[in-house]
Amino acid sequence: MLGFEVTGPYVSALLMSLGALCVFIWGVLSGAFHGADEAATRFYEREAENDNAKHTNAKHTAE
């Protein structure tokens, strides 16, 4: 049982990473990531517009 204290964390980490890989593969094959690029682009553009609006607003309040 002494060896399990050393190898146990590695075995559990290996099993968790294999589980995460299986979930990722399942997500790709089921189409869960379809359209993720467009959503990421829309989010980025919205955040950039908000940052520009805040920056412009801060300039107007400073003047």
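Looking up the protein in an unreviewed UniProt entry gives the name Cbb3-type cytochrome oxidase assembly protein, with the organism given as Mesorhizobium onobrychidis.

Let's shift gears to the overall build of the protein. Broken down by element type, the protein carries two helices and zero strands. In the protein, buried positions account for 3% of the 63 residues. Split by element, the accessible area of the protein, about 5,900 Å² in all, is 67% carbon and sulfur.

Further remarks concern a nonpolar patch on the surface. On the surface, Val-11, Leu-14, Leu-15, Leu-18, Leu-21, Phe-24, Ile-25, Val-28, Leu-29 and Phe-33 cluster together into a nonpolar patch covering about 990 Å² of accessible area. Assignment of secondary structure puts Leu-29 in helix H1 (residues 2–30). The exposed category is assigned to Leu-29, whose relative accessible area is 72%.

Further remarks concern the packing of aromatic side chains. Counting across every chain of the model gives one aromatic pair. A ring pair is formed by Phe-24 and Phe-33, whose centres lie 5.7 Å apart and whose planes are at 40°; its orientation type is tilted. Its relative accessible area of 47% is what places Phe-24 among the partly exposed residues. A residue is classified by how much of its surface remains accessible, and Phe-33, at 46% relative accessible area, is partly exposed.

Quick look at the UniProt feature "transmembrane region" (unreviewed entry) in the protein now. Under the UniProt annotation, "transmembrane region" (unreviewed entry) lies at residues 12–33. Segment residues 12–33 splits into 86% helix and 0% strand. End C-alpha atoms: 27 Å apart.

Basis of the calculations
Residues numbered from 1 in each chain as written. Predicted model: local features only at pLDDT ≥ 70, side-chain atom pairs only at ≥ 80, totals over all residues. Heavy atoms only, no water. Helix = DSSP H or I, 4+ residues; strand = E, 2+ residues; numbered from the N terminus. Buried < 20%, exposed > 50% of the residue type's maximum accessible area, 1.4 Å probe, protein only. Areas by Shrake-Rupley, 256 points an atom, 1.4 Å probe, with all protein chains shown as cover. Patch = residues over 30% accessible without salt bridge, like charges linked within 9 Å, V, L, I, M, F, W, Y side chains within 5 Å. Salt bridge = Lys/Arg side-chain N within 4 Å of Asp/Glu carboxyl O. Phe/Tyr/Trp six-rings, centres within 6.5 Å; stacked < 30°, edge-to-face > 60°. UniProt positions renumbered as here; feature names shortened; annotations may be inferred.

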